[in-house]
Amino acid sequence: GIKITKTFTFGNSKYFSDLKINFKNVSEAPVTFNYKVAVGPSFPPRHSIDEQYIEANFYSSVDSKNDLRHIKETKLGKTVASHGALQWAATKDRHFSVILNPKTEGVSFAGVVEGLGNHKFGASLNSEKIALAPGASVSSDFTLYLGPNELDELEPAGLDMIVNFGKLDMIGRMLVGALEMIHKVFKNYGVSIIVLTALINLVLFPLTRVSYMSMKRM
């Protein structure tokens, strides 16, 4: 009794698109339901080292406190649910991500990761309850990102939290920013890395010199 229409809209962006899902009650009775939108399955590993980076992410922000969960549940039949409503959910590996970001005001979604066995999982967003009178319709809007884990692409959309450098995240972001600035000058990442390494050694030289002098005295 429900007609479902999914519409993808692709603009000039390289990696972003819009998704609209419309539900219309075509029956003669009121309907109450909720629905699940698949974010995507886990990425297949291209190399053995990639497996440690394959995961699902739930992101929420409450009272200026950011919470990014890293989920790797793959056991068949096991599920992991989010703690309340989410800003976005994603699946990713070391280099690429698929991110689904709900954009409809006043509508909240919870995240679920379901283990599929054989080191695989699937991530999805689950809606809250929806009630439709006969002939009524309702729509939900999403932003979909399919692309590389590049801060320049993700930051304008508020999705940069998916790029995580671990406990030294702040330092990692500073180094990546410096590398990109140097790359704009030299247009070559090999040269840029050499220049960045030389600059870091230059900045740390006073500390290094003190350390070597201390070792010499010993």
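Rules behind the numbers
Numbering of residues begins from 1 in every chain and follows the order in which that chain's sequence is written. Owing to the predicted nature of the model, reporting of local features is limited to residues with pLDDT of at least 70; listing and counting of side-chain atom pairs is limited to 80 or more, with chain, interface and lining totals taken over all residues. The side-chain figures draw on all heavy atoms in the structure; neither hydrogens nor water molecules are used. Any Lys or Arg side-chain nitrogen found within 4 Å of a carboxyl oxygen on Asp or Glu counts as a salt bridge. Secondary structure elements are defined from DSSP: runs of H or I of at least 4 residues count as helices, runs of E of at least 2 residues count as strands, and each element is numbered from the N terminus. Partly exposed residues are those whose accessible area sits between 20% and 50% of the maximum for their type, while under 20% is buried and over 50% is exposed, using a 1.4 Å probe and protein chains only. Given the number of residues in a helix, its expected span is that number minus one, multiplied by 1.5 Å. We call two residues in contact when some of their heavy atoms are within 4.5 Å. Buried Ala, Val, Leu, Ile, Met, Phe, Trp, Tyr and Cys residues form a nonpolar core when they are joined through side-chain atoms within 4.5 Å. Here an axis means a line fitted to C-alpha atoms, over the contact stretch when the element is a helix, while the angle between two N-to-C directions is reported on a 0 to 180 degree scale. An angle counts as roughly parallel when it lies under 35 degrees, as roughly antiparallel when it exceeds 145, as roughly perpendicular when it falls between 65 and 115, and as oblique in every other case. Handedness of each helix crossing follows the sense of rotation of the near helix against the far helix: counterclockwise by less than a right angle gives left-handed, clockwise gives right-handed. Polar here means any residue other than Ala, Val, Leu, Ile, Met, Phe, Trp, Tyr, Cys and Pro, which are nonpolar, and Asp, Glu, Lys and Arg, which are charged; Gly is therefore polar. Pairing of aromatic side chains requires ring centres within 6.5 Å, counting the rings of Phe and Tyr and the six-membered ring of Trp. Pairs whose planes differ by under 30 degrees are stacked, by over 60 edge-to-face, and all others tilted. What makes two strands pair is DSSP finding at least two bridges between them.

**Student:** Could you give me a rundown of the pattern of salt bridges, with the residues and numbers involved?
**Tutor:** Applying the stated rule across the entire model yields six salt bridges. In this structure, the salt-bridge partner of Glu153 is Lys14, at a minimum N-O distance of 3.3 Å. Taken together, the residues span a long stretch of sequence, with Glu153 in helix 1 (residues 151-154) and Lys14 in the loop between strand 1 (2-10) and strand 2 (16-25) at a distance of 139 residues. One salt bridge connects Glu55 with Lys92, and the closest N-O pair in it is separated by 3.6 Å. Here Glu55, found in strand 5 (residues 55-62), pairs with Lys92, found in strand 8 (residues 88-92); they are 37 residues apart in sequence, far enough to count as distant. For Glu55, a relative accessible area of 7% translates into the label buried.

**Student:** Requested: an account of helix 2 (residues 169-186), with residues and values cited.
**Tutor:** Here helix 2 spans 26 Å end to end across 18 residues, near enough to the 26 Å set by a 1.5 Å rise per residue. Against the buried residues of helix 2 lie helix 1 and helix 3 (189-203). Within two residues after helix 2, Lys187 carries a phi angle of roughly 60°, on the positive side.

**Student:** Break down the environment of Glu73 for me, with residues and values.
**Tutor:** By the element assignment, Glu73 lies in the loop between strand 6 (65-71) and strand 7 (79-81). Spatially, the C-alpha atom of Glu73 lies 9.0 Å from that of Gly117, the residues being 44 residues apart in sequence. Contacts of Glu73, omitting those with residues within four sequence positions, involve Lys78, Val80, Val113, Gly115, Lys120 and Phe121.

**Student:** Report on the nonpolar core, specifying residues and quantitative values.
**Tutor:** Across soluble globular proteins, nonpolar side chains show a tendency to be buried alongside one another. Of all hydrophobic cores here, the largest spans 27 residues; its most connected members are Phe33, Tyr35, Val39, Leu100, Val113, Leu125 and Phe142. Non-local contacts of Leu100, meaning those with residues more than four positions away in its chain, are made with Leu19, Val37, Ala38, Val39, Trp88, Ala89, Leu125, Phe142, Thr143 and Leu144. In this structure, Phe16, Leu68, Ile99 and Leu159 belong to the second largest nonpolar core, which totals 12 residues.

**Student:** Residue-level account of the packing of helix 2 against helix 3, with values.
**Tutor:** Direction vectors running N to C along helix 2 and helix 3 enclose 125°, while the axes themselves pass 9 Å from each other. Taken as axis vectors, helix 2 and helix 3 run oblique relative to one another. The interaxial crossing formed by helix 2 with helix 3 has right-handed handedness. For the pair formed by helix 2 and helix 3, the contact residues are Leu175, Ala178, Leu179, Glu180, Ile182, His183 and Phe186 on the first element and Tyr189, Val191, Ser192, Ile193, Val195, Leu196, Leu199 and Ile200 on the second. Counted by class, the contact of helix 2 with helix 3 contains 12 nonpolar, two polar and one charged residues.

**Student:** I'd like a rundown of the packing of aromatic side chains, residues and numbers included.
**Tutor:** Taken as a whole and judged by the stated rule, the model has eight aromatic pairs. Relative to Phe109, the ring of Tyr35 has its centre 6.0 Å away and its plane inclined at 75°; by these criteria the two rings are edge-to-face. A residue pair is termed long-range when its members are at least 10 positions apart, and Tyr35 in the loop between strand 3 (31-33) and strand 4 (36-41) and Phe109 in strand 10 (residues 109-117) qualify at 74 residues. With 5.0 Å between their ring centres and 20° between their planes, Tyr59 and Trp88 make a pair best called stacked. Of the two residues, Tyr59 sits in strand 5 while Trp88 sits in strand 8, which places them 29 residues apart along the sequence. The pair formed by Tyr59 and Trp88 is uniform in burial state, with each residue classed as buried. Among the aromatic residues, those joined into a cluster by ring pairs are Phe23, Phe33, Tyr35, Phe109 and Phe142.

**Student:** Describe the sheet that holds strand 2, and please don't skip the residues or the numbers.
**Tutor:** Strand pairing in a sheet takes place through backbone hydrogen bonds and is either antiparallel or parallel in direction. Read across the open sheet, the seven strands follow the order 1-2-13-9-8-5-6; overall the sheet is antiparallel. Edge positions in the sheet fall to strand 1 and strand 6, since each of these pairs with one other strand and no more. Averaged over all pairs of adjacent strands, the angle between their axes in this sheet comes to 20°, without regard to strand direction. The pairing of strand 5 with strand 6 spans seven bridges and is antiparallel. The partner of Tyr59 across the bridge, within strand 6, is Leu68.

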